[in-house]
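# Understanding the architecture of this molecule
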Amino acid sequence: MASVLAPPRPKSYDDTFFKPISLWLTTTDHKLIGIMYMTTGMLAFVLGGILALVMRIQLAQPNLKVIDAETYNQLLSAHGTTMIFFFVTIFMTGVANYMVPILIGARDMAFPRVNLLGFWLIPMSIAIYYAGFFTGGAMDAGWTGYPPLSTKQFNPGLGVDLWAFSLILWCVSGIMASVNFLTTIVALRAPGMKFSRLPLFVWAQISTSILLLAVGAPLAAALFLLELDRQAGTTFFASNGGRPVLFQHLFWFFGHPEVYILILPGFGMVSEIVPVFARKPIFGYTSMVAALFGIVFLSMAVWAHHMFTVGMNIYVETWFMVMTMLIAVPTGIKFFNWIATAWGGSIDFQVPMKYVFGFMATFLIGGITGVYLSSVPVDTQLHQSYYVVAHFHYVMVGGSVFTLLAGTQYWFPKITGRMLNKTLGEWSFWLFFVGFNGTFLVMHTLGLEGMARRIYSYPGGFGEEGWGATNMFITVFSFVIAASVLVFIYNLVVSWKHGPPAGDDPWGGNTLEWATTSPPPPYNFDKVPVVRSNMPLRDMRADGLRPPLEHQALASHNS
Amino acid sequence: MRGQPWLRRALISLPLVALLGMTLATAASAAEGGGSGLSPIVPKGNSPNGRHIYDLYLGISIPAILIFLLVEGLLLTVIIRFRRSRQPKDYQPPQWHGHRLLEIGWTAGPLLIVFFIGLFSFITLQRDYTAAASDNPDVDIHVVGHQYGWDYTYPEGFTVSSEGLQPTPLVIPTGKLVRLRLDSKDVIHGFWVPDLAGKADLVPGYQNLMWFKVDRPGEWRGECTELCGQGHYTMQIRVKAVSDADYEAFKRTSLEAKAKAGAPSPSTAPSPSAAPSPSAAPSGSPGASPGAGASPSPRPSGTGYSPTGQGASSS
Ligand code: HEM
Ligand SMILES: [Cu+2]
Ligand SMILES: [Cu+2]
């Protein structure tokens, strides 16, 4: 590889950040690409969050007219698409881009230039989607874009086309990244890093990549066929002779695994963080890996649980119901293994660990409501109601976002060489935890009482006015989330410049990233590490190559 | 963590207090029959199929609540008992790597629970969600959705149209098996009246089935549940169950109005939707007399599709 182009080894990113902009535009260093992925994801989070706040203001009381109905539908679609495709997936890809090569002791990704191209497709994809707002109306058929509503007949504007094109690019980028991750992990492991010694975050990335590889193409295909319907007059999905429901099958064949693409890296982060802060090895390594693959397999066999009301044969529905319920089993294994890992430990509740426990406490609720939803008869009540909105935010925010914030807090010292401010970290955690539950818990009950989702307003006249107070409560708490995100981002920015130096290993970690400097040098390791177990740093401590744990004092005193 | 313990405690208790308050509010408002959006459970369902969903929901809640309490309890125990500040200074955590029996246990336990949930769900599914469940309806109504309203065509041949925010009720008799054959003129809609039963989609191209057997007179709200355009939220529904005598009277006036107008839609102004309605769009009309078991319903017969469009005559 082009080693002559390597930038000089920075002492910290203060030295390079913003300096040669050409470095950021052309770098193939997986770490810098990772940072760009994460930054893009974080900006998308802010953008999607602002859209959500506007929607929440509109919904705060019955019959408000803060925005008009068409705008609501556009914001709704943009919020869903942004959060799923441009925030969580992209942020997780960024973390993996940064950490996976280091965790396996490699110098870079297997295909650095593919990595570069894959990243730059993402800003393009986002720009194309948002161009809709400036070309006469963005996508307004929800993030799922079901035809016939998204066909030309009912949606003649450019918004749908931009959405489809944007997501096709996104799929191409995702497939590139998946191939790159899998090749890297198979081919570039350090000496002694057998598969049975891979950190669980790397296993999670393997399963995520397999999933995206399997389902990215079907999504691109569905969108391509939809475009043919729109532009070439075919009738794959159009209502005059086509089969609208076929699109739903294709979409959800991607869409359900996608939620696991969002959460599996988070599971991996949790599996890294709990052992470090509890000072115990992970409980049930093998069953953790088996559970990941159980999830990969099952998640591709459950898609039609999103379609229990379209009128399928009941035996087909039973299959999808049973498969969906079965996912509770591997997920339960992971949960109990994490608890067993923490059990009997000497737990230091640093901010990352708080986020992990916040994750377990809330994601559990999303998992349980998922079992209700998987029961076909019950789903015919709950489907497309606010109960579902509550459920998937518990899964995607309570799950993916909590873990992603945990991972960010955990690896920030490694990436920047500086510690985050702890007080601000505590504030961002508690505000997020309270704001999140305040916002989404009562959405369940609104749905149970009959409030449909994706509605611009609830007109009232038949008791719906009574929902006003509850909706106001939700809107108020959604601003608590916004406050938490502001504190979090402020902390990132300020600590990156002014935080106290972190040293190589502030938490007393187990895995290889803590064996190198913070931030790591361009090729990650001055000397290729040799691995003897799945906790190589612990081995180094035992061999006297690293200071013993008691001296890892930095993280424990308040900064 | 050394921060301000009182602050932390206050923040933790905030949602709990809010929750408690809301539970009380629900109880209070449930007593007077109004909705505050805080009901912890699905509506009881004034139709047997709705009530079976309610029962199933309660049944699932038993293991669900137990597991919730168990896991949150374990988490709290870990947080309280195993924090470093609570451990002796030289405490060395045991280095367990796993435990075969435990791991098998928490694989088999959930497996058993979901087996029973699946079984009871399947029983309900087979009882209420097949075509056979509404094979011989007393009243067979054809419901066609469009942007943004509903047309209810009764077996007697008259049609009631309901448009937008001031919905005209779908009038049905109490104590009778009412079947709805659902169909759409344009995009996908969803028919949902929470206080009666579950929902079903109206997909252009085939008919979906749904039924009620309402046990008492009353009027209930509902709405379209599938995003169908700008006016989606206006697509409200009312269902009114009346006694046999009132139902006969309703049919009589509707038929008279139809005769007088010489056109359908007596109850409201016809107000045909402005939505583009393709001439080729399937009207899914009952022309082919799908009254009996061999109806083009997708649920029982397997394919999931039965494009009407072709050959179906328009009423
Ligand atoms: C952080 C604060 C957030 C707030 C206040 C919020 C709020 C909302 C609201 C009000 C809706 C519209 C519900 C409706 O009209 O049906 C919505 C929909 C949605 N949200 Fe969020 N959300 C947040 C974060 C997220 C995150 C992090 C994700 C994903 C990772 C997400 C994914 C979605 C999706 C997929 C939809 C559905 C869009 C659709 O129906 O097409 N949200 N959210
Ligand atoms: Cu799913
Ligand atoms: Cu509709």
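Time to look at the interface of chain B and chain A. At the junction of the two partners, chain B supplies 106 residues and chain A supplies 114 residues. Together, the buried faces of chain B and chain A total about 9400 Å²; carbon and sulfur atoms form 67% of this surface. There are two salt bridges connecting chain B and chain A. Residue A:Glu464 pairs with B:Arg221 through a salt bridge whose shortest N-O separation is 2.8 Å. Put simply, chain B and chain A have 36 residue pairs in polar contact (both at pLDDT 80 or more) between them. Every element with two or more residues in the side of chain B that touches chain A is listed here: helix H1 (5-32), helix H2 (48-81), helix H3 (100-128), strand E7 (200-202), strand E9 (218-224), strand E10 (236-242) and helix H5 (298-301) of chain B. Per element, the largest residue contribution to the side of chain B that touches chain A is 17 residues, and it comes from H2(B). Class assignment for the residues of the side of chain B that touches chain A results in 62 nonpolar, 28 polar and 16 charged.

Pairing is possible between side chains that carry opposite charge, provided their charged atoms lie close to one another. Residues and elements named next belong to chain A. The tally for this structure, following the rule as stated, stands at 18 salt bridges over all chains. Glu426 is paired through a salt bridge with Lys354; the nearest N and O atoms lie 2.8 Å apart. Pair noted here: Glu426 is in helix H13 (residues 422-448) and Lys354 is in helix H10 (residues 351-374), with a separation of 72 residues, a long-range link. Across the pair, exposure class does not vary: Glu426 and Lys354 are buried alike. Salt bridges here are not isolated pairs; linked through shared partners, they connect Asp161, Glu227 and Arg230.

All names here are of chain B. Surrounding the copper ion (ligand 3) are the protein donor atoms His189 (ND1), Cys224 (SG), Cys228 (SG) and Met235 (SD), which sit 2.1 to 2.4 Å from the metal. Here the donor residues of the copper ion (ligand 3) are spaced in sequence according to H-x34-C-x3-C-x6-M. With Cys224 in strand E9 and Met235 in the loop between E9 and E10, the pair connects residues that are eleven residues apart, well separated along the chain. Comparing Cys224 with Met235 shows no difference in burial state: the two are buried.

Here we take up the domain arrangement of chain B. Residue and element names in this part refer to chain B. Each assigned domain of chain B is listed with its residue range as follows: domain 1 (5-88 + 102-132) and domain 2 (137-260). At the interface, eleven residues of domain 1 touch 13 residues of domain 2. For the domain 1 face of the interface with domain 2, the top three residues by lost area are Pro43, Asn46 and Asn49, together amounting to 53%. Seen at the junction of domain 1 and domain 2, the total is one salt bridge. A salt bridge links Arg51 to Asp215, with the shortest nitrogen-to-oxygen separation between them at 3.1 Å.

What follows deals with the coordination of the iron atom of ligand 1. All names here are of chain A. Here the iron atom of ligand 1 is held by the protein donor atoms His79 (NE2) and His393 (NE2), which lie 2.0 Å from it. Taken together, the six donor atoms surrounding the iron atom of ligand 1 define angles of 87 to 179 degrees at the centre, an arrangement classified as octahedral. Here His393 lies in helix H12 (residues 386-416) and His79 lies in helix H3 (residues 69-103), a separation of 314 residues in the sequence. Across this residue pair, the class does not change: His79 and His393 are buried.

This part is about the nonpolar core. Counting residues in hydrophobic clusters, the biggest one holds 255 residues, and the most contacted among them are A:Trp163, A:Trp170, B:Ile141, B:Tyr152, B:Tyr154, B:Leu180 and B:Phe191. Examining the composition of this core, we find that 21 residues originate from one element, H3(A), more than from any other. When we break this core down by domain, the ones giving at least three residues each are domain 1 (5-88 + 102-132) and domain 2 (137-260) of chain B. Beyond its immediate chain neighbours, meaning those up to four positions away, A:Trp163 contacts A:Thr81, A:Tyr129, A:Met139, A:Trp143, A:Thr144, A:Gly145, A:Leu223, A:Leu226 and A:Phe247.

The rules behind these values
Residues numbered from 1 in each chain as written. Chains lettered and ligands numbered in written order. Predicted model: local features only at pLDDT ≥ 70, side-chain atom pairs only at ≥ 80, totals over all residues. Heavy atoms only, no water. Contact = heavy atoms within 4.5 Å. Buried area = accessible area lost by both parts, 1.4 Å probe. Salt bridge = Lys/Arg side-chain N within 4 Å of Asp/Glu carboxyl O. Polar contact = N/O pair within 3.5 Å; in protein donor to acceptor, adjacent residues only side chain to side chain. Helix = DSSP H or I, 4+ residues; strand = E, 2+ residues; numbered from the N terminus. Nonpolar A, V, L, I, M, F, W, Y, C, P; charged D, E, K, R; others polar. Buried < 20%, exposed > 50% of the residue type's maximum accessible area, 1.4 Å probe, protein only. Donors = N, O, S within 2.8 Å, 3.2 Å for Na, K, Ca; no water. Domains from an automatic or database assignment. Tetrahedral: all angles 85-135°; square planar, octahedral: opposite > 155°, others 65-115°. Core = buried A, V, L, I, M, F, W, Y, C linked by side-chain atoms within 4.5 Å.

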